[in-house]
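The residues making up each chain are set out below.
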Amino acid sequence: MTDEKAEQAGPAFEPKIIAYCCHYCAYTAADLAGSTRLQYAPNIRVIRVPCTGKIDVLHLLRAFEEGADGCYVAGCLDGDCHFINGNLRARKRTDYAKRILDAAGIDPERLEMFNMSAAMATTFAATADEFTERSRKLGPLFDGEKKDIRPGIVMRQPMTLSASNPPAKDE
Amino acid sequence: MAETSNTEGSVLVVGGGIAGMQAALDLVESGFYVYVADSAPAIGGHMAQLDKTFPTNDCAMCTEAPRLVDVANDLNIEVLTLTDVLAIEGEPGNFTVHLRKRARYVDEIRCTGCGDCIAKCPVKNLPDAFNLGIDNRTAIYKLYPQGVPNVAVIDAEHCLKLTKDKCGICERVCQAKAINYEAQDEVVTVHVGGVIVAGGYEMSESGTRSEYGHGRYANVITGLAFERYLSASGPTNGHVVRPSDQQTPKRIAFIQCVGSRDITSRGNGYCSQVCCMYSTKHAIIAKEHEKGVEATIFYIDLRAHGKGCENYYISAEKDYGVEFIRSMVPAVRENPADKSLTLAYLGGDGERIEREFDLVVLATAMEPSPGMAELARNLDLKLDDYGFIRTQETDPIATSREAIYAVGLSSGPKDIPDSVMQASAAAGRVGAIIASARGSRLVEKTYPPLEVIEGQEPRVGVFVCHCGINIAGVIDVEALAEYAKTLPGVVHSDHIMYSCSPDGLDTIRSAITEHKLNRVVVAACTPRTHEPLFQETLREAGINRYLFELANIRDQCSWVHSADEARATEKARDLIRSAIAKAALAEPLYTVPISNTQRCLVIGGGAAGMTAALTVAGQGYGVSLIERDAELGGHLRSIRTLLGGDAPQELLADLRRRVDEHPLVDVHLETTLKEISGFVGNFKSVLATNGSTTEIEHGTIIVAAGAKSYEPTEYLYGENARVVTQFQLEAGLAGGTLPIDDGSTVVMIQCVGNRTDERPYCGRVCCAQAVKNAIAIKEKHPRAVVHVLYRDLRVFGLYEQYYLAARKLGVIFTRYDDDDPPKVSAGDKLSVTVNDLVRGEPMHISADLLVLSVGVVADEAHEALGMQLKVPRTSDGFFLEAHVKLRPVDFATEGMFVCGLAHFPKMLGESIFQAQAAAGRALTTMSQEQLTASAVVAQVEPEMCKQCLACVRSCPYNVPKMTHMHYVQIEPAECQGCGICVAECPAKAIQLRRFTDAQIMAQAHAVMNET
């Protein structure tokens, strides 16, 4: 099934992937990959978060709704989370989101959680390459047409400053 | 200590290079006013001339530019350019220094740096010294485009108006009326409590070795000139060309030790320390710039003794195919027809080889800066035999005069991190002398009032950075800037050569005002390093710092997809859309003040820990010093002698006495860190001492936890009593317990346990230690035979002189091949066989004693410490600093610092100044009575809170609390900004500011969709 899809897409299929990266480890590793001029697949789009513990199941599902062919979360190594245990929570949520994808008929292989330290630039690059290859094999998710895989849930607009919450200091 | 009411809360820093800037910034943060005097027309020093820095290949300008801007913008730093020291009088804590400020002929306040005068100046043929004469400059000029201050200067020797009273064009074209031909040199007098000399160096340009033909052969250039060719903002825009025909060279030879390690009258007896690595860098970058370039490095010993350097060297050879040839090149010959160059040298087998190259790059010596002798005379400082300021191993930044410190290249060749550390160290030291006057000279920064943007539609300004060719070489930045104009909310878009340089920031500031921008997106490098700089720029332009977003199109795009320009450009468009989408939803945020416990926890009571503790306490703040052993001293206990003659055991006794006696230092022996919680300014730790526990509160942490000596398994160690380590030899020599006499033969083997596959780093100290102990043996027993078997002798910097001394004493140095280590077998004596690469045959030595030079290895116990503190370590197990070059003692986590052997193997003197540096950095935080809490915190929307307590349970820091108002409250000062509670909250009643769900969703939409 997936091979067939990949074939239909032709050899030129370049998946687009959203990578949610934590500031302290994965994002830093990505910068280090840059400093050391490692080359990796240009398919990933990094969205920086302070900690992978900030990543919500909603964000993971939204990535696919917006048209991503794959999505991954990259956080600190187990036990090394800058915020103690955010990466462990992220893993649980990623696993949960995989089950939702499965129920929605989307291959859960399209979603993954990875761990790496700030010094692991080669791991960052290799992860980007390997996940791109995996997504390429899985083929395009929606053949150009987007679907709402999570009907009925609408995100709130951002909060605005209220009078009860005045600026504490002229920054 | 001068603690009279006359104490001046200010410091003079002589030299505005990277070390001088670091010292100035640390001092200002610690509450002191700073004068930076530099003899050049702009600060920045040599680092401004560099293209990239080893071993991370970070762009030098990208890392230096933010410092330049910080120095330029700080109200409490007064930059005095074209300025030299004339005389000093007074005493520590209260000096009067007279400075001569040479005429610039351009008013620094009026000049806008627009460059109109430079464009019209008729004198255009003066060799540009900043570019090593590769191109020309005008008589009115700027030292370099990103220079601070961003002001022109007139070269009085060549200006037609000043020399012949003709011309005067610059005065006519200057709209700002900044030209003043009547300007005179002036004497400026400053009152300071101390002086830091960061006087830099001169890169020897003369062909100290004339046989290489520098100055005669067009295609023989210096390493610094090569650096300018590589630089994107250099004279060839980053293209390496042959001076003779402007063609791309295909074969480049790099010759090491040109004027260094050269005891002839033309050279310098010391090693310049950084050339092996910068030539390796040159070779790597040349190969990156032009495909098919062959790079060959000719060297004596490849000295890769810095952190990360051995791997860099290995990678250059294996991954990049750089050729390393161990041979001293006797001469270079130019081939008149095509100006190519022939090098003749001896190959490994002793045969004569001739090879032709297109370009020859000489790694010339780093010499004392030309003004050093006069400066030392005027400040009454002693110089060493080479003309550097004399310092001591046990007090490495102190000069012969109290309250005057020498940092960076002033006291001998060193790399950027060591220079930066010494600068922070000097800030820590001088602060102790003037602590009583802290804050007395500070001026508060005033900002324009904040624009009220609440309720306004987003007006986004986009600035796409070229970063020289770092971005523009891969991505079409002009097209990208045009593209950004078409995106929703964008009202202005521009592209800038270096967005982080002062002129780049000016462009952003003016655009904010002119186009009434209320959101700014810069597409450039990484927010990790550059976000604070751009945020400050927004605030200076009157808009809140948090209305800013960086699109990382360099580190995470142009650098990593340079092979695929089209797809890199496509990705850059996506990333810019993402940043704009996020910025459009950004709201103004405000910080809050938080308390600061002005106390430091120092982990480790060796030389580094004790020095750090005393430096912190010296400025009047309390320290808890914990040591897991029953006594203080650490590694220093096993060091009996030092090169240069200082007495390490006297130092140890002195440190112990001072630590014991200091009222502000609490020592806890046999103590480890059991638990730690909190954050900068507000740490709570539980210390465990023999089963009992103590709780302490502190605001900063210095990790000085040391390291271990490698326990060898090689060469019969532990099996044969004749096999010892250098430390055992040292103890034996001191105690007379080893059977060495005039009839003895001693063999030393280097690199035992280091530079192996398992530990691919250099032990840094072992070569010097072997030389030291070999000298000690020969001095005591001149007829004893001492062999040192080595791979590369890495007696770097000024230590080189002791290598020469050892050779003069008759120590026999024999090199062995990496793949063919010596063989040792036991008999009546020890039989050592080594393949002598020079003679080409095995050498058999019958040894009475075999000494193994074992390296320093990381302590396994530090893995747990790293986990407790949540700080990273390298793959070798040493603690990893925030930035290898510019934040060498900071951890990425605020309020935590590292020094000594826990960071990397280092000499005693290096541990001492690094400890002082860690203290100096910690003091920048500790000296604040209040800290400022981040504005990036979680906030509860009370009416949406269902009191389910998911946040209370999930917060790793126990910050969310139930209130009597029936909703959860999150205290901003305590919130760490991780956002875990936000993701856990089922009612979506919590938002993390700056990373709201709406912003993340908007980013996900924008990266995937054109509209």
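Above: the structure in question.
Conventions we followed
Residues numbered from 1 in each chain as written. Chains lettered and ligands numbered in written order. Predicted model: local features only at pLDDT ≥ 70, side-chain atom pairs only at ≥ 80, totals over all residues. Helix = DSSP H or I, 4+ residues; strand = E, 2+ residues; numbered from the N terminus. Rg over C-alpha atoms; globule rule 2.2 N^0.38 Å. Buried ≥ 20, exposed ≤ 12 C-beta atoms within 10 Å, placed from the backbone. Contact = placed C-beta atoms within 7 Å. Nonpolar A, V, L, I, M, F, W, Y, C, P; charged D, E, K, R; others polar. Pairing = 2+ DSSP bridges. Axes fitted to C-alpha atoms, helices over the stretch in contact; angles between N-to-C directions. Expected span 1.5 Å × (residues − 1). Arc of directions from axis to C-beta. Right-handed = clockwise from strand over helix to strand, strands pointing away. Core = buried A, V, L, I, M, F, W, Y, C linked by C-beta atoms within 7 Å. Left-handed = near helix turned anticlockwise from the far one by under 90°.

**Student:** Even after reading the chapter, I still don't get the overall build of chain B, so can you show me in this structure?
**Tutor:** Along the backbone of chain B there are 25 helices and 52 strands. Rg of the C-alpha trace for chain B: 30 Å, near the compact-globule value of 30 Å for 1011 residues, within the 12% margin. Here the C-alpha coordinates of chain B stretch approximately 90 × 80 × 60 Å along the principal axes. The burial tally for chain B puts 56% of its 1011 residues in the buried class.

**Student:** Explain the overall build of chain A here, please?
**Tutor:** The secondary structure content of chain A amounts to five helices and four strands. Across chain A, helices and strands are ordered from the amino to the carboxyl terminus as α-β-α-β-α-β-α-β-α. Taken across its 171 residues, chain A has 51% of its residues classed as buried.

**Student:** How do you make sense of the interface of chain B and chain A when you look at a structure like this?
**Tutor:** In many reports, interface size means the accessible area that the parts give up when they come together. Between chain B and chain A, the contact holds 62 residues from the first and 54 residues from the second. For the side of chain B that touches chain A, the elements supplying multiple residues, two or more each, are helix 14 (554–558), helix 15 (565–584), strand 29 (592–595), helix 24 (980–984), strand 52 (990–992) and helix 25 (997–1008) of chain B. In terms of residues, the side of chain B that touches chain A owes the most to one element, helix 25 of chain B, which gives nine residues. Its residues placed into classes, the side of chain B that touches chain A shows 28 nonpolar, 18 polar and 16 charged.

**Student:** Honestly, the sheet that holds strand 18 (residues 323–326) of chain B in this entry has me stumped. Any pointers?
**Tutor:** Sheets are built from strands paired through backbone hydrogen bonds, the pairs being either parallel or antiparallel. All names here are of chain B. On the basis of which strands lie adjacent, the open sheet formed by five strands has the order 15-22-16-17-18 and parallel pairing. Since the sheet does not close on itself, it has two edges, and those belong to strand 15 (220–222) and strand 18, each with one partner. Each strand of the sheet is rotated relative to its neighbour by a mean of 25 degrees, with strand direction disregarded. The pairing of strand 16 (residues 251–258) with strand 22 (residues 359–364) spans five bridges and is classified as parallel. Across the sheet, the residue bridging to Ile252 is Leu359, located in strand 22.

**Student:** Would you mind showing me how to read the sheet that holds strand 41 (residues 812–815) of chain B here?
**Tutor:** Residues and elements named next belong to chain B. Strand order across the open sheet formed by five strands is 38-45-39-40-41, with parallel pairing between neighbours. Here the strands that pair on one side only, and so sit at the sheet edges, are strand 38 (723–725) and strand 41. For this sheet the average axis-to-axis angle between neighbouring strands, irrespective of direction, equals 25 degrees. Where strand 38 and strand 45 (residues 849–854) come together, three bridges link them in parallel fashion. For Thr725, the partnering residue across the bridge sits in strand 45 and is Leu852. Its contacts with the sheet put helix 18 (residues 726–735) on strand 38 and strand 45, and the angle it makes with strand 38 is roughly 90 degrees.

**Student:** Just checking my understanding: could you explain helix 4 (residues 86–103) of chain A for this structure?
**Tutor:** The periodicity of an α-helix, 3.6 residues per turn, causes residues three or four positions apart to be oriented the same way. Spanning 18 residues, helix 4 of chain A covers 26 Å between terminal C-alpha atoms, matching the ideal 26 Å at 1.5 Å per step. Along helix 4 of chain A, the residues classified as buried are Gly86, Asn87, Arg89, Ala90, Arg93, Thr94, Ala97 and Leu101 of chain A. Taken around the axis of helix 4 of chain A, the buried residues stretch over an arc of 145 degrees, which confines them to a single face. Residues Lys92, Asp95, Tyr96, Arg99 and Ala103 of chain A are exposed on helix 4 of chain A and point more than 90 degrees away from its buried face. Where helix 4 of chain A is buried, its residues meet helix 3 (57–65), strand 3 (70–75) and strand 4 (111–115) of chain A together with helix 24 of chain B.

**Student:** I keep staring at the pairing of strand 27 (residues 519–524) of chain B and nothing clicks. Help me out?
**Tutor:** Along a regular strand, successive side chains alternate from one face of the sheet to the other. All names here are of chain B. Counting buried residues in strand 27 gives six out of six residues, a clear majority hidden from the surface. Side-chain alternation along strand 27 places Arg519, Val521 and Ala523 on one buried face and Val520, Val522 and Ala524 on a second face that is also buried. Sheet analysis places strand 25 (residues 460–465) next to strand 27, joined by five bridges and oriented parallel. Paired with Phe463 across the two strands is Val522, which belongs to strand 27. Viewed along the sheet, the connection from strand 27 through helix 13 (residues 527–540) into strand 28 (residues 548–552) turns out right-handed.

**Student:** Just checking my understanding: could you explain the nonpolar core for this structure?
**Tutor:** One broad rule of soluble globular proteins: the nonpolar side chains tend to lie buried together. All names here are of chain B. Counting residues in hydrophobic clusters, the biggest one holds 319 residues, and the most contacted among them are Ala523, Ile702 and Leu850. Excluding anything up to four places from it in sequence, Leu850 contacts Tyr715, Arg722, Val723, Val747, Ile749, Val824, Leu830 and Val832. With 55 residues, the next largest nonpolar core counts Tyr278, Leu343, Met366 and Cys762 among its residues.

**Student:** Where do I start with the packing of helix 6 (residues 223–230) of chain B against helix 7 (residues 275–289) of chain B in this structure?
**Tutor:** Residues and elements named next belong to chain B. With their axes 11 Å apart at the nearest point, helix 6 and helix 7 run at an angle of 35 degrees to one another. As helix 6 runs across helix 7, the sense of the crossing is left-handed. Between helix 6 and helix 7, the residues in contact are Gly223, Phe226 and Leu230 and Cys275, Tyr278, Ser279, His282 and Ile285, respectively.

**Student:** For this particular structure, what's the right way to read the environment of Arg953 of chain B?
**Tutor:** Residue and element names in this part refer to chain B. With respect to the helices and strands, Arg953 occurs in helix 23 (residues 950–954). The class for Arg953 is exposed, based on 11 C-beta atoms found within 10 Å. Separated by 847 residues in sequence, Arg953 and Val106 have C-alpha atoms that sit 64 Å apart.

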